[in-house]
Amino acid sequence: MAFFGKIIAKVSMIIEKTFYNQPKLESEEMIKVEFLGPIARPAIELDVSDLRELSTMLKEDETIAPWLSKCAVALNDAMISELDTPLKDGDRVTILPPVCGG
Amino acid sequence: MELYQGPLDTKEIFGRWLDEEAGSNYGAYIPFVGTIRAEDGIEALSFDIYEPVLRRWFESWQERAKERGAIVKMAHSIGDAPVHTSSYVSAVFSPKRRVALELIDEFVEDFKANAPIWKYDVKDGQRIYAEDRSTAMDGAGLLA
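Residues numbered from 1 in each chain as written. Chains lettered and ligands numbered in written order. Predicted model: local features only at pLDDT ≥ 70, side-chain atom pairs only at ≥ 80, totals over all residues. Heavy atoms only, no water.

*Asks:* Honestly, the overall build of chain A in this entry has me stumped. Any pointers?
*Replies:* Assigned secondary structure in chain A consists of two helices and five strands. Scanning chain A from its N terminus toward the C terminus, one meets helices and strands in the order α-β-β-α-β-β-β. Across the 102 residues that make up chain A, the buried fraction comes to 35%. Of all intrachain contacts in chain A linking residues separated by at least 6 positions in sequence, the fraction that spans at least 24 positions is 47%. Summing over all exposed atoms, chain A offers an accessible surface of approximately 6400 Å²; the carbon and sulfur share of this is 59%. (Helix = DSSP H or I, 4+ residues; strand = E, 2+ residues; numbered from the N terminus. Buried < 20%, exposed > 50% of the residue type's maximum accessible area, 1.4 Å probe, protein only. Contact = heavy atoms within 4.5 Å. Areas by Shrake-Rupley, 256 points an atom, 1.4 Å probe, with all protein chains shown as cover.)

Written out as structure tokens, the structure reads:
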């Protein structure tokens, strides 16, 4: 019986490796979006592939949308000016509202 | 670049900066002090800072100063700084006065426009975003 038990364990291991550990066909581009200063919103994670797509999604959020026209954007802490900037998994986008140091 | 919780000890900072550059052969040292004025019934100003972008902004200014043979320094408060205290000091050291006079102007103005720092009035213990005194950073509106 122990022999059959071993075979069953082996077969289930092969099944698991074959069917469950396949890499995902569609890669998910999860990026983190942080809102600074007075926007006062916790960070969110989104599945978007570029800034254009991010813009579309943020415009649908009624508390974020009014901020967008006056906010600058940083990607992984570098300021950016191109809407066609591609985003990859693990990227961090930061939304920076109007500033007043000093 | 130095960040402190609460108001700045301006005399300590300016004295130390002077000592740090005592042997650097700079002919000009121009300090700037921002002091919080009592107006509109505020008790204090309060500040949020995004340090990673602020450091990059400051490093880019250090490069610009270096091209002109100068250096820039700055210190800023995080959190509350009561009226009549200082929340921001900066300085330029350069071989001759002309560069330092020009740089302190450019540096402080760009600081106001592009340093990622958010200011709040403190009234009755409440923090109120100083929206009407704030400036959209370069490149703002990208996602609009």
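Still more to cover.
*Asks:* Before we go on, may I ask you to explain the nonpolar core in this structure?
*Replies:* Considering soluble globular proteins, one finds that nonpolar side chains tend to be buried as a cluster. Membership of the largest hydrophobic core comes to 32 residues, with the highest contact counts inside it found for Leu54, Leu58, Val93 and Ile95 of chain A. Those elements giving two or more residues to this core turn out to be β1 (30-35), α2 (51-59), β3 (72-75) and β5 (92-96) of chain A together with β6 (117-123) of chain B. The element contributing the most residues to this core is β3 of chain A, with four residues. Aside from chain neighbours lying at most four places away, what touches Val93 of chain A is Ile31, Lys32, Val33, Glu34, Leu51, Leu54, Val73, Ala74, Leu75 and Leu87 of chain A. In this structure, Phe47, Ala70, Phe111 and Ala115 of chain B belong to the second largest nonpolar core, which totals 26 residues. (Core = buried A, V, L, I, M, F, W, Y, C linked by side-chain atoms within 4.5 Å.)

*Asks:* Before we go on, may I ask you to explain the sheet that holds strand β2 (residues 44-47) of chain A in this structure?
*Replies:* Backbone-to-backbone hydrogen bonds pair the strands of a sheet. The strands run either parallel or antiparallel. All names here are of chain A. Taken in spatial order, the five strands line up as β2-β1-β5-β3-β4 in an open sheet, and their pairing is mixed. In this open sheet, the two strands that pair with only one neighbour each are β2 and β4 (78-80). Shown here is a sheet whose adjacent strand axes are inclined to one another by a mean of 35°, direction ignored. Across three bridges, the pairing between β3 and β4 is antiparallel. The partner of Ala74 across the bridge, within β4, is Met79. Along the sheet, α2 contacts β1, β2, β4 and β5; its crossing angle with β2, the most-contacted strand, is approximately 120°. (Pairing = 2+ DSSP bridges. Axes fitted to C-alpha atoms, helices over the stretch in contact; angles between N-to-C directions.)

*Asks:* So what exactly am I meant to see when it comes to the interface of chain B and chain A here?
*Replies:* By convention, interface size is frequently given as the accessible area that disappears when the constituent parts associate. If you look at the interface, chain B gives 34 residues, while chain A gives 35 residues. Around 2600 Å² of area is buried between chain B and chain A when both sides are counted, 65% of it from carbon and sulfur atoms. It is Trp118, Leu142 and Leu143 of chain B in chain B that bury the most area against chain A; as a group they hold 31% of the surface buried on that side. On the surface where chain B and chain A come into contact, there are one salt bridge. In this structure, Lys70 of chain A and Glu131 of chain B form a salt bridge, with 3.4 Å as the shortest nitrogen-oxygen distance. Scanning the region where chain B abuts chain A turns up 15 residue pairs in polar contact (both at pLDDT 80 or more). Counted by class, the side of chain B that touches chain A contains 20 nonpolar, seven polar and seven charged residues. (Buried area = accessible area lost by both parts, 1.4 Å probe. Salt bridge = Lys/Arg side-chain N within 4 Å of Asp/Glu carboxyl O. Polar contact = N/O pair within 3.5 Å; in protein donor to acceptor, adjacent residues only side chain to side chain. Nonpolar A, V, L, I, M, F, W, Y, C, P; charged D, E, K, R; others polar.)

*Asks:* Please clarify how the pattern of salt bridges should be interpreted in this entry.
*Replies:* Two side chains that carry opposite charge are able to pair once their charged atoms sit near each other. One pass over the structure, following the stated rule, counts 18 salt bridges over all chains. Salt-bridge contacts for Asp61 of chain A lead to Arg41 of chain A; the nearest nitrogen and oxygen are separated by 2.8 Å. Taken together, the positions of Asp61 of chain A in the loop between α2 and β3 and Arg41 of chain A in the loop between β1 and β2 put the pair 20 residues apart, joining distant regions of the chain. Note that Lys88 of chain A and Asp91 of chain A form a salt bridge whose closest N and O atoms lie 3.1 Å from each other. In this structure Lys88 of chain A comes out as exposed when scored by relative accessible area, which is 51%. A single network of salt bridges, built from pairs that share partners, joins Glu2, Glu12, Arg16, Glu20, Glu21 and Lys73 of chain B.

*Asks:* Before we go on, may I ask you to explain the side chain of Asp110 of chain B in this structure?
*Replies:* Residues and elements named next belong to chain B. Within the secondary structure layout, Asp110 lies in helix α3 (residues 97-114). This buried residue, Asp110, is left without a salt bridge; Arg64 holds the nearest opposite charge, at 4.7 Å. A polar contact of 2.8 Å, which involves the side chain of Asp110, links it to the side chain of Trp57. Apart from residues no more than four positions distant in its own chain, Asp110 is found in contact with Trp57, Trp61 and Ala115. (Lys, Arg positive; Asp, Glu negative; His and termini not counted.)

In short, the description is geometric, and any link to function would need to be established separately.
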